[in-house]
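Residues per chain, in single letters:
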Amino acid sequence: VQLQASGGGLVQPGGSLRLSCAASGSIFSINKMGWYRQTPGKERELVAIINSVETITYADAVKDRFTISRDNAKNAVYLQMNTLKPEDTAVYYCNADLWPLNGGNMVIWGKGTLVTVSS
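About the thresholds
- Residues numbered from 1 in each chain as written.
- Predicted model: local features only at pLDDT ≥ 70, side-chain atom pairs only at ≥ 80, totals over all residues.
- Heavy atoms only, no water.
- Core = buried A, V, L, I, M, F, W, Y, C linked by side-chain atoms within 4.5 Å.
- Buried < 20%, exposed > 50% of the residue type's maximum accessible area, 1.4 Å probe, protein only.
- Helix = DSSP H or I, 4+ residues; strand = E, 2+ residues; numbered from the N terminus.
- Contact = heavy atoms within 4.5 Å.
- Pairing = 2+ DSSP bridges.
- Axes fitted to C-alpha atoms, helices over the stretch in contact; angles between N-to-C directions.
- Patch = residues over 30% accessible without salt bridge, like charges linked within 9 Å, V, L, I, M, F, W, Y side chains within 5 Å.
- Areas by Shrake-Rupley, 256 points an atom, 1.4 Å probe, with all protein chains shown as cover.
- Salt bridge = Lys/Arg side-chain N within 4 Å of Asp/Glu carboxyl O.
- Disulfide = S-S within 2.5 Å.

A. Just the nonpolar core, in detail. Leu3, Trp35, Val47, Phe66, Leu79, Met81 and Tyr92 are the most contacted members of the largest nonpolar core, which has 30 residues in total. Of all the secondary-structure elements, those providing two or more residues to this core are strand 1 (2–6), strand 3 (17–24), strand 4 (27–38), strand 5 (45–50), strand 7 (66–71), strand 8 (76–81), strand 9 (90–100) and strand 11 (113–117). The leading source of residues in this core is strand 9, at five residues. What Phe66 contacts, discounting residues up to four positions off in sequence, is Arg37, Val47, Tyr58, Leu79, Gln80, Met81, Asn82, Leu84, Asp88 and Tyr92.

Structure below.
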């Protein structure tokens, strides 16, 4: 089971980007999916998380600018990022709390995707 993220890149302040992440492999069900970010010298921090009934939590820093969504049929989670600021520059990681077909809960991380907000 693995997560594959995409969609990072360079964008000017005030611009938008959409990150995508899909889980693949032998999956029974997925509980929570989310996005975290990390900058050099800092701990990884929560950006947004969505559970199986679409209860959503956002970090205060991104509320009203970012929107998380999921497509259960595709085992995918998305992060629409609007009105981007330089302080949003980070490596973004997707995360999933899931049950594989062979049993046992697991939490997995995708490889990060770099988002750079700069003029």
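B. Representation of the sheet that holds strand 1. Pairing is antiparallel in the open sheet, where four strands are placed in the order 1-3-8-7. Where the open sheet ends on each side, the last strands, each with one partner, are strand 1 and strand 7. Across the sheet, the axes of successive neighbouring strands diverge by a mean angle of 15°, strand direction being ignored. With six bridges joining them, strand 3 and strand 8 adopt antiparallel strand pairing. Each bridged residue has a counterpart across the sheet, and for Arg18 the counterpart in strand 8 is Gln80.

C. Layout of a nonpolar patch on the surface. On the surface, Phe28, Trp99 and Leu101 cluster together to form a nonpolar patch covering roughly 360 Å² of accessible area. Following the sequence through the fold, Phe28 ends up in strand 4.

D. The state of the cysteines, seen in detail. Tallied over the full model, the rule gives one disulfide. Shown here is the disulfide that connects Cys21 with Cys94, its sulfur atoms set 2.1 Å apart. On the S-S bond that ties Cys21 to Cys94, the torsion sits near 55°, and the link is right-handed. Of this pair, Cys21 sits in strand 3 while Cys94 sits in strand 9, and the two are 73 residues apart along the sequence. The exposure class of Cys21 is buried, given its relative accessible area of 2%. For Cys94, a relative accessible area of 0% corresponds to the buried category.

E. Spatial organisation of the pattern of salt bridges. Taken as a whole and assessed by the stated rule, the structure comprises four salt bridges. With a closest N to O distance of 3.0 Å, Asp88 and Arg37 form a salt bridge. Of this pair, Asp88 sits in the loop between strand 8 and strand 9 while Arg37 sits in strand 4, and the two are 51 residues apart along the sequence. The buried category is assigned to Arg37, whose relative accessible area is 7%. Between Arg65 and Asp88 there is a salt bridge whose closest N-O contact spans 2.7 Å. With Arg65 in the loop between strand 6 (56–58) and strand 7 and Asp88 in the loop between strand 8 and strand 9, this pair connects stretches of sequence that are 23 residues apart.

F. Just unusual backbone geometry, in detail. Even without being a glycine, Asp64 presents a positive backbone phi close to 70°. Inspection of the secondary structure assignment puts Asp64 in the loop between strand 6 and strand 7. The phi dihedral of Thr83 falls on the positive side, at around 45°, and the residue is not glycine. In this structure, Thr83 sits in the loop between strand 8 and strand 9. Thr83 sits in the partly exposed class, given a relative accessible area of 45%.

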